[in-house]
Amino acid sequence: MYEKLTPPTTGSKITFENGEPIVPDDPIIPFIRGDGTGIDLWPASQKVFDAAVQAAYGGKREINWFKVYAGDEACDKYGTYQYLPQDTLDAIKEYGVAIKGPLTTPVGGGIRSLNVALRQIFDLYACVRPCRYYTGTPSPHKSPEQLDVIIYRENTEDIYLGIEWREGNELGKKLIDYLNNELIPATPEHGKKQIRLDSGIGIKPISKTGSQRLVKRAIQNALRLPKHKQMVTLVHKGNIMKYTEGAFRDWGYELATTEFREECVTERESWILDNQERNPNLSIEENARKIDPGYDSLTPEKRAEICKEVESVLNSIGETHGKGQWKDKIMVNDRIADSIFQQIQTRPGEYSILATMNLNGDYLSDAAAAIVGGLGMGPGANIGDECAIFEATHGTAPKHAGLDRVNPGSLILSGVMMLEYMGWQEAADLIKKGLATAISNREVTYDLARLMEPPVEPPLKCSEFADAIIRNFS
Ligand SMILES: NC(=O)C1=CN([C@@H]2O[C@H](COP(=O)(O)OP(=O)(O)OC[C@H]3O[C@@H](n4cnc5c(N)ncnc54)[C@H](OP(=O)(O)O)[C@@H]3O)[C@@H](O)[C@H]2O)C=CC1
Ligand SMILES: O=C(O)CCC(=O)C(=O)O
Ligand SMILES: [Mg+2]
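Analysis parameters
Residues numbered from 1 in each chain as written. Chains lettered and ligands numbered in written order. Predicted model: local features only at pLDDT ≥ 70, side-chain atom pairs only at ≥ 80, totals over all residues. Heavy atoms only, no water. Patch = residues over 30% accessible without salt bridge, like charges linked within 9 Å, V, L, I, M, F, W, Y side chains within 5 Å. Areas by Shrake-Rupley, 256 points an atom, 1.4 Å probe, with all protein chains shown as cover. Salt bridge = Lys/Arg side-chain N within 4 Å of Asp/Glu carboxyl O. Helix = DSSP H or I, 4+ residues; strand = E, 2+ residues; numbered from the N terminus. Buried < 20%, exposed > 50% of the residue type's maximum accessible area, 1.4 Å probe, protein only. Contact = heavy atoms within 4.5 Å. Polar contact = N/O pair within 3.5 Å; in protein donor to acceptor, adjacent residues only side chain to side chain. Near = heavy atom within 4 Å. Nonpolar A, V, L, I, M, F, W, Y, C, P; charged D, E, K, R; others polar. UniProt positions renumbered as here; feature names shortened; annotations may be inferred. Core = buried A, V, L, I, M, F, W, Y, C linked by side-chain atoms within 4.5 Å. Axes fitted to C-alpha atoms, helices over the stretch in contact; angles between N-to-C directions. Parallel < 35°, antiparallel > 145°, perpendicular 65-115°, else oblique. Left-handed = near helix turned anticlockwise from the far one by under 90°.

There is a patch of nonpolar side chains on the surface, built from Leu161, Ile163 and Ile203 and spanning about 210 Å² of accessible area. Residue position: Leu161 is located in the loop between strand S7 (148–154) and strand S8 (164–165).

This is how it looks when you write it as structure tokens:
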């Protein structure tokens, strides 16, 4: 069935039921080594995974690794331009859970991202990137331990769908012409705007389906967190991109207040209920004035709308969420994207789950990883209903490739996420303990070594850091 692959002769398949994996004790798991530093990262990471599974289960459980190909390695094996062979797609589809190293994407032209293609092909709609601090990790931030967030990034649409035309392309010119001469003039709110004829042009689709299934996963994750972390913040640039990013926010709130009505309260609802509890004699209008500081300068229509909102909240959830009950619910709020970049630095402790669209999530996950130690400490998972692929937040870091020097922490922690997803918590815990102890012993790779006070000299190699993690399991 495979053109050039031979699956392991031992092991069983992971299957899926209602979006959850059913994992045998001897799963076959495909892995992609990756380009660039993948050559260093993968062997170090695999060694840690195998050692942890052996230490945790003494041979009762074992991963049967299945090497599959993508990127440069795939071209070497399958021929020129065979960056993502059908074999690889068939293997991931068949075995359901996979892990990968980073893959290169050229800038400005050439192939489109293989990483993005895998997410789209397998409909891995939730990119989950936790950013938490390991004690002793050096950070440019004063109190990195206060940041403990999980980014939920929509992974299949937004401008990452890759529907765009280069400047000067005939079809692109046709689209610009259609927009300039038909669609824009027919839309009064666009006035006399025109797109410059020498523009490249890209499409940004944000769907209700894509937004709500992502927010649903984020809320489900919040339900599994301790009470004080049960918050979901919808991150968007909806003031500017009203019908894409603004709609993401509105659809997120809609989902939270319909499918999760019992479990959720929105920030605005909490203000209304809190105002009422502090002063039970408060009129609807006084309450409205408190939740909207600019209330008195609004138009009568807008003021009526806010009063109606207050009344509707008190009537609809006063019984179920009032008298302080809202404090035990998941708090759903929203923040504008530029503001959240400063908020995670100035008020990191106020955030827990950040749900957002593809581009915002891409930027935000690198920025949040920087606070807790850098891209060497940023794991990730791409989750769908019938498949999951685990990978680090960082890329191929080409200047370090083949030098056995980069930090395998991100890929190893992505493997921890995979083990937790499989229900192999004991093995995951051993790795987290080994990693935390190695860091607090100052046994670290160059990226952390250079930030430590005093700097660690010489730093561990990538492979040596893996050994240090294993040594520190117990
Ligand atoms: N999912 C994926 O496979 C991804 C692929 N990419 C692709 O990777 C390629 C390179 O992208 P680039 O923008 O350079 O970003 P990278 O994330 O690859 O690297 C940027 C910098 O981050 C630091 N870094 C990255 N990984 C590690 C690590 N494991 N340990 C320590 N430090 C690390 C290094 O900083 P310093 O040198 O300062 O120490 C490195 O130079 C591009 O083709 C891009 O498209 C990018 C992101 C994700
Ligand atoms: O696919 C790529 O090359 C980059 C993707 C990326 O930056 C990410 O997923 O974080
Ligand atoms: Mg990125």
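That covers the picture; the talk isn't over yet.
The tally for this structure, following the rule as stated, stands at 30 salt bridges. Put simply, Asp385 and Arg217 hold a salt bridge, and the shortest N to O gap is 3.1 Å. One end of the pair, Asp385, is in the loop between strand S14 (381–383) and strand S15 (388–390); the other, Arg217, is in helix H6 (residues 208–223), with 168 residues separating them in the sequence. In this structure, Glu267 engages Arg335 in a salt bridge whose closest nitrogen and oxygen atoms are separated by 3.1 Å. Residue Glu267 is located in helix H8 (residues 267–278), and its partner Arg335 is located in strand S12 (residues 330–336); the two are separated by 68 residues in the primary sequence. Considered together, Glu267 and Arg335 belong to a single accessibility category, that of buried residues. Shared partners join several salt bridges into a network, and the residues in it are Arg33, Lys67 and Glu73.

Let us now look at the environment of Asp296. In this structure, Asp296 sits in the loop between helix H9 (284–291) and helix H10 (300–321). Discounting chain neighbours no more than four positions away, the residues touching Asp296 are Arg289 and Arg303. Within the structure, the side chain of Asp296 is placed 3.1 Å from the side chain of Arg289, a separation counted as a polar contact.

Glancing now at the site of ligand 2. Residues in contact with ligand 2, as listed here, are Thr105, Ser113, Asn115, Arg119, Arg129, Arg153, Asp362 and Thr393. A distance of 2.6 Å is found between an oxygen atom of ligand 2 and a side-chain nitrogen or oxygen belonging to Ser113. Contacts to ligand 2 include Asp362, whose side-chain N or O atom sits 2.9 Å from an oxygen atom. Here ligand 2, which alone exposes 290 Å², has 75% of that area covered by the protein. Its residues assigned to classes, the shell around ligand 2 shows no nonpolar, four polar and four charged.

Attention shifts here to the UniProt feature "modified residue: Phosphoserine" (unreviewed entry) in the chain. On the UniProt side, "modified residue: Phosphoserine" (unreviewed entry) is annotated at positions that read Ser113 here. Along the chain, Ser113 turns up in the loop between strand S5 (97–100) and helix H4 (114–121). In terms of polar contacts, Ser113 uses its side chain to reach the backbone amide nitrogen of Asn115, at 3.1 Å.

Right, let's get into the UniProt feature "site: Critical for catalysis" (unreviewed entry) in the chain. Under the UniProt annotation, the feature "site: Critical for catalysis" (unreviewed entry) is placed at Tyr160 and Lys237. Within the secondary structure, Tyr160 is located in the loop between S7 and S8. Non-local contacts of Tyr160, meaning those with residues more than four positions away in its chain, are made with Val116, Gln120, Arg153, Asn358, Leu359 and Asp362. Examined against the element boundaries, Lys237 turns out to sit in the loop between strand S10 (231–236) and helix H7 (242–258). Every residue in contact with Lys237, bar those within four places of it in the chain, is listed here: Glu245, Ile336, Ala337, Asp338 and Asn360.

Attention now goes to the nonpolar core. Formed by 78 residues in total, the largest nonpolar core has its most connected members in Ile99, Phe390 and Ile431. Here this core gets nine residues from one element, more than from any other, and that element is helix H13 (residues 409–422).

Orientation of helix H1 (residues 38–57) relative to H13, taken along the N-to-C sense of each, is 40°, at an axis distance of 9 Å. Between H1 and H13, the angle falls in the class oblique. Between H1 and H13 lies a crossing whose hand is right-handed. Together, Leu41, Trp42, Ser45, Val48, Phe49 and Val53 of H1 and Leu411, Ile412, Gly415 and Leu419 of H13 make up the contact between the two elements. Here the residues of the contact of H1 with H13 are counted per class, giving eight nonpolar, two polar and no charged.

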